[in-house]
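Examining the three-dimensional arrangement
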Amino acid sequence: MDVNGRKQDSFFIVTVAGRMDATTAPEFEKSCLEWIGQGESAFIVDLKELEYMSSAGLRSILVVGKKVKAAGGTISFSSLTPNVAHVFSISGFGSMFKIHDCLETALANS
Amino acid sequence: MVTLRLPARMDSFGPLRSFVAEEMEREEGLLELIPMAELVLEEILVNVIHYAYPDREGEIEVACEILSSEKFRLTVKDWGRPFNPLERADPDLTLDIDSREIGGVGIFLVKQMTSDLTYQYLNGANVLTAWFEKRQPPPGHS
């Protein structure tokens, strides 16, 4: 799994590629918590290149989501692949978080 | 039926995942079920590591059987503490981000991804059996 972060306009865009499972999800969590610690608060997480997510991934996302919210920030997700969208949908994360079709829509509507 | 027995550790997930996927790839009708079977396998492995063998390392055995061109059975066995994951309460999906508890989603995903799911404690082993079936398109769709 690869996790990268970059500033774009007033947003902080996190891209995640590969597989977010019990072994890799902690990396996502650690990176995001560092960015939150550095003062980033308007997160868009682009999952275009993420092919797989298990409950360990959902767990990390919820940890990060709670921290962002507690710090007064926002977090939304974009470009979910079919497998990831399925997991978001049945776990209720699809309604708990704001989801955008693509990064451009997320940037325009966040 | 083919089986693979490995140490119940997270680094066994890769080999177990390949083992299951290779078996499923033998039937075209099962290809679309592979991501769900992988997820179910991971969730069960994580549970076995945490609950069946909380204080020692044990083994996990995965058995696969193609039942038809569109139906597949995955059986996961361990010899740890008796533990029925199906008794775990489902998470409340209606809660917002503040109220939602962290964790507790794994077995719920397993239930949702399988067409049938059973637990047995047999001859000193936890045996979880999961069936995967290709969903028929709704009437009126081809």
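Above: the structure in question.
Residues numbered from 1 in each chain as written. Chains lettered and ligands numbered in written order. Predicted model: local features only at pLDDT ≥ 70, side-chain atom pairs only at ≥ 80, totals over all residues.

1. Quick word on the overall build of chain B
Condition: Secondary structure elements follow DSSP: runs of H or I of four or more residues count as helices, runs of E of two or more count as strands, with numbering from the N terminus. Every radius of gyration here is taken over C-alpha atoms, with the globule rule written as 2.2 Å times N^0.38, N being the number of residues. By the convention adopted here, residues make contact when the C-beta atoms placed from their backbones lie within 7 Å.
When its secondary structure is counted, chain B shows 3 helices and 5 strands. Relative to the 2.2 N^0.38 estimate, which gives 14 Å for 142 residues, the radius of gyration of chain B is 16 Å and therefore close to what a compact globule would have. Dimensions of chain B, computed from C-alpha atoms along their principal axes, come out at roughly 50 × 40 × 25 Å. Put simply, of all contacts in chain B between residues at least 6 apart along the chain, 67% involve residues at least 24 apart.

2. As for the interface of chain B and chain A
The criterion, for reference: Throughout this entry, Asp, Glu, Lys and Arg are counted as charged residues, while Ala, Val, Leu, Ile, Met, Phe, Trp, Tyr, Cys and Pro are counted as nonpolar. The remaining residues, Gly among them, count as polar.
Taken residue by residue, the interface counts 17 residues in chain B and 19 residues in chain A. Of all the secondary-structure elements, those providing two or more residues to the side of chain B that touches chain A are α2 (34-52) and α3 (106-113) of chain B. A per-element tally of the side of chain B that touches chain A places α2(B) first, with 6 residues. For the side of chain B that touches chain A, the residue count by class is 9 nonpolar, 3 polar and 5 charged.

3. Structural notes on the packing of helix α1 (residues 13-24) of chain B against α2(B)
Residues and elements named next belong to chain B. For clarity, the cut-off: Lines are fitted to the C-alpha atoms to define the axes, a helix being fitted only along its stretch in contact, and any angle between axes, read from their N-to-C directions, falls within 0 to 180 degrees. By definition, any crossing whose near helix is turned counterclockwise from its far helix by less than a right angle is left-handed, and any crossing with a clockwise turn is right-handed.
Across the interface, α1 lies against α2 with an axial gap of 10 Å and an inter-helix angle of 150°. Crossing handedness for the pair α1 and α2: right-handed. Along its contact with α1, which presents Phe13, Leu16, Arg17, Val20, Ala21 and Met24, the element α2 presents Ile34, Ala37, Glu38, Leu41, Glu42 and Leu45. Here the residues of the contact of α1 with α2 sort into 9 nonpolar, no polar and 3 charged.

4. Concerning the environment of Lys98(A)
Residue and element names in this part refer to chain A. Spelled out, the test is: For every residue, the other C-beta atoms within 10 Å of its own C-beta are counted; 20 or more classify it as buried, 12 or fewer as exposed, and values in between as partly exposed. C-beta atoms are placed from the backbone.
Looking at the element boundaries, Lys98 is found in strand β5 (residues 98-100). According to the C-beta neighbour criterion, Lys98 is partly exposed, with 15 such atoms within 10 Å. As for Lys98 and Thr24, which are separated by 74 residues in sequence, their C-alpha atoms are 23 Å apart.

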